[in-house]
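A look at the structure
Spelled out from the first residue to the last, the chains are:
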Amino acid sequence: MLDRPLAPPPVEVIVAVTQALHREARLLDNEDLDGWLAMLGKDVSYRLELKSRRFRADRSPPFPLGPGVIFNEDLGRLKMRVDRLKSGFVWAEDPPNYIRRAVSNVEVLATRADNEVRVHSVLGMHRNRIDGTTRLLTAGRTDLWRSEGSAWLLAAREIVLDHSVLPDSNLNAFF
Amino acid sequence: MRFERIGREPDYSRYMDLKEGWLDRRIFSDADIYEEELYRIFARSWLFVAHESQIPNSGDFLTTHMGEDAVIVARQPDGSIRVMLNSCPHRGNKVCFADAGNTRRFVCNYHGWAFDTAGDLKGMHEEYCYDAGDIDFKNHGLKNVAKVGNYKGLVFATFNSDAPSLEAWLGDFRWYLDMILDNEEGGTEFIGGCIKSVISANWKFGVENFIGDAYHAGWTHDSGTRSMNNGQPFPPIDMDNSYHASVNGHGWEFGTEGVGDLFLLGRPKVMDYYNKIRPKMAERLGEMRSKIFGSVASASIFPNVSFLPGISTFRQWQPKGPMQFELKTWVIVNKNMPDDIKEEVTKGVMQTFGPGGTFEMDDGENWENCTTVNRGVVTRHERLHYRCGIGRQIEHDTLPGIVYRGQYNDANQRGFYQRWLDMMTHDEFGKMPARPEPQLGNVGETRDLPGLFAL
């Protein structure tokens, strides 16, 4: 292969995509779930990896079958989750939880496609639940963002949660 | 062998009256009661430790807990499975911090004491520092449990050398277990990994939810049901043709309509698959069990394992203090299913009862809030109501166990707490009452037994 390092994306792209990440976090914090769905590509893939603590020297193959993920959603599934949250019957979210997301360590990298960029970021999520308990979740994210018309849309997100045991009883919130 | 706490002989019968149908709330948060549960229930019961498919090859191992005791479950070169304390006999450190893997040795990080997969001590760092007579290698291995047993792929272990056989422990409940473990030639396997989450609730709330609480589904999971069912709520239950069955604290609640849980899984191909094998299942397990499988149902094995037959989530509630447990979940499938159906099952489980699933997201907070609120110093002295369906016990000519009519019922929960009380009260297993008297006591294989009428 004659792979040459790709030139970094233009500054305008880096700014636009970084702003998209911040906007996305604000929409989710404000429970503007329709606004969030509108930022997703039609073919979006949204996955949370399942981790297992293994010795570094362990060469066992990964699971031959099964998900290897905690969730692996497409747009239909994400709409279903949003419908559920909007149904008015989610007792665990009423009164609302206080959630705040902080996005950091944003790196925007070029890809072979002109209209797509690879984006690494770190998400810290503070959840203060209806019973007052607080959880802090952190995750690394690797995204693919695609420019369609004047907007950048999320085409794929791989989430790696930094907890071998989920420190909360549910993952109602989006990462 | 007995593991006992010193100086505590409380009367646990004051914490419940199951004929009247109430429980004292203190059993869900009291630290002394919890400590006693570890001794009298977790150190004496048969506890689920693995599915044999998780460790197929020699040297395969996984780490888990029996009560709060850390253990290693390891496949031996001769194919047998050993279960041993994950604790070095030198200073007590864990000898294995991985969740699972394959190895020839477990080596303690502290002084390099090394054990083979049977737990035998094989050597240590700077072995010359021990003089002759300082240490007997034979007596300083990892402590093995008293007994290991396997029921159709599920591996159980107990620290209790006086425990009855695993078959006797499961007893007539084997008739029900066959529906998930033996509904097709080839048996079952776990696929994918284990998802772990921590829930700030008493472990018994998880077990009792799965053992009998069909009642919560239509309300707690209203949002999830509607989002998966075109806005329609949970359908009404057929109270005449659905049941609770309880055997020595194990319990299965179920309908007989055959499709409810398969529908909730949300994967039509899986429904088709089971409809295709259902005639064979009827030949294998009898008409009744082939109708129960796939219905709205849930079950628990005493003390801390639960599953949803048809939805295929399998889980264990590991106690971590009176007000916390770790939930471990797996996906169980039939080994002989085609790969695409297995994939469909795992997708369905992930989307319904994974931590991001449409149903799972509703349960945890209820249990957490039951636990913390029940701890209030005045609140804890109030009784909780467990009387639903208390007059609906029936004799059934097919179904073993203590059977109640009507799936919305507290009967299995009462059966679970009765067994809890029996174990907290009785020092000797032999003196513990059987509930009910075993009806299939002499039956070696329960697959070929369509029901009680066949006896």
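Residues numbered from 1 in each chain as written. Chains lettered and ligands numbered in written order. Predicted model: local features only at pLDDT ≥ 70, side-chain atom pairs only at ≥ 80, totals over all residues. Heavy atoms only, no water.

**Here we look at the domain arrangement of chain B**
Residues and elements named next belong to chain B.
- Taken domain by domain, chain B consists of domain 1 (45-147) and domain 2 (185-429).
- Averaged C-alpha coordinates put domain 1 and domain 2 at centres separated by 33 Å.
- Every contact between the two is made by 13 residues of domain 1 and, on the other side, 18 residues of domain 2.
- Here domain 1 and domain 2 share an interface that buries about 1200 Å² over both sides, 49% of which is from carbon and sulfur atoms.
- Summed over the three residues of domain 1 that lose the most area to domain 2, namely Ser-45, Phe-48 and His-51, the buried surface amounts to 40% of that side.
- Our enumeration of links across domain 1 and domain 2 arrives at 1 salt bridge. (Domains from an automatic or database assignment. Contact = heavy atoms within 4.5 Å. Buried area = accessible area lost by both parts, 1.4 Å probe. Salt bridge = Lys/Arg side-chain N within 4 Å of Asp/Glu carboxyl O.)

**Points about the pairing of strand β19 (residues 325-334) of chain B**
Residues and elements named next belong to chain B.
- β19 sits mainly inside the fold: 10 of its 10 residues count as buried.
- Two strands pair when backbone bridges link them, and strand β13 (residues 188-199) and β19 are joined in this way by 9 bridges, in the antiparallel orientation. Residue pairing in the sheet places Glu-189 in a bridge with Val-333 of β19.
- Linkage of strand β18 (residues 313-319) to β19, two consecutive antiparallel strands, is achieved through a turn of 5 residues, within which Gly-321 is found at a positive phi near 105 degrees. (Buried < 20%, exposed > 50% of the residue type's maximum accessible area, 1.4 Å probe, protein only. Helix = DSSP H or I, 4+ residues; strand = E, 2+ residues; numbered from the N terminus. Pairing = 2+ DSSP bridges.)

**A closer look at the UniProt feature "domain: Rieske" (unreviewed entry) in chain B**
- Within this structure's numbering, the places UniProt gives as "domain: Rieske" (unreviewed entry) are residues 47-122 of chain B.
- Secondary structure across residues 47-122 of chain B comprises 0% helix and 46% strand; the distance between its end C-alpha atoms is 29 Å. (UniProt positions renumbered as here; feature names shortened; annotations may be inferred.)

**Some thoughts on the pairing of strand β3 (residues 47-51) of chain B**
All names here are of chain B.
- Among the 5 residues of β3, 5 are classified as buried, and the element is accordingly described as predominantly covered.
- Judged from the 4 bridges that link them, β3 and strand β12 (residues 154-158) form a sheet pairing that is antiparallel. Residue Leu-47 lies in a different strand from β12, and its bridge partner there is Ala-157.

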